Amino acid sequence: MRKYEIFKIKSAYQSFIMGRERLLFELLTVGPSTNYHEIEYLCDQLNQRELDHIIQNNLAKSFDELDSYHNEYRLTHLIKGEVFIKMGAHSIQVYCQGSRMLDLDLFVALSSSTDRFFAVMNEQEECGWLKPLKHSERMILENSMM
């Protein structure tokens, strides 16, 4: 089973974080010493309605079954496997069991709304943007800020 913690980084910090993802990983790694004030400072509060719309309308199309209850979702695909999603105030907890295509389906659905989602896999010590900026887009952004 793969577990992700997904955060929506505040737009004011996104360009600063580009290239410093490992430092962000260390700040966002959830554990006994986690400082939740740092998470609130760096991450937007999640819009439950927006995420519900993304899951219900975009992601559910790729699955055979969808069960939901109080900001928790279980999506089942007969061949790929199962995804469990639990939304919090500043993060989305995701548990995937089965094919890695489940992860990709989720990442594509979430990144359709914004490029500021950042995923952390604590056990594997992996992290990354769900929708990475292309190098040319980053250069355009940096040049427009000058």
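Residues numbered from 1 in each chain as written. Predicted model: local features only at pLDDT ≥ 70, side-chain atom pairs only at ≥ 80, totals over all residues. Heavy atoms only, no water.

Draft legend 1. How the structure looks around the packing of aromatic side chains. In this structure the tally under the stated criterion is 4 aromatic pairs. Ring centres 5.2 Å apart and planes at 85° place the aromatic pair Tyr4 and Phe107 in the edge-to-face group. With a gap of 103 residues between them, Tyr4 in strand 1 (residues 2-8) and Phe107 in helix 5 (residues 101-111) connect regions that are remote in the sequence. With centroids separated by 5.3 Å and ring planes inclined at 35°, the aromatic side chains of Tyr13 and Tyr41 adopt a geometry described as tilted. Of this pair, Tyr13 sits in helix 1 (residues 11-17) while Tyr41 is found in helix 3 (residues 36-42), placing the two residues 28 residues apart along the sequence. Its relative accessible area of 22% is what places Tyr13 among the partly exposed residues. The ring centre of Phe16 lies 4.2 Å from the NZ or CZ of Arg20, which sits over that ring. (Phe/Tyr/Trp six-rings, centres within 6.5 Å; stacked < 30°, edge-to-face > 60°. Helix = DSSP H or I, 4+ residues; strand = E, 2+ residues; numbered from the N terminus. Buried < 20%, exposed > 50% of the residue type's maximum accessible area, 1.4 Å probe, protein only. Lys NZ or Arg CZ within 6 Å of the ring centre and 35° of its normal.)

Draft legend 2. Main features of the pattern of salt bridges. A full pass over the atoms with the stated rule returns 6 salt bridges. Arg116 is the salt-bridge partner of Asp44, the closest N and O atoms lying 2.6 Å from each other. Here Asp44 is found in the loop between helix 3 and helix 4 (48-59), whereas its partner Arg116 is found in the loop between helix 5 and strand 6 (117-121), with 72 residues between them in sequence. Looking at Arg116, the relative accessible area reads 14%, which means it is buried. Notably, a salt bridge pairs Arg74 with Glu82, separated by 3.2 Å at the nearest N-O pair. What makes Arg74 partly exposed here is its relative accessible area of 34%. (Salt bridge = Lys/Arg side-chain N within 4 Å of Asp/Glu carboxyl O.)

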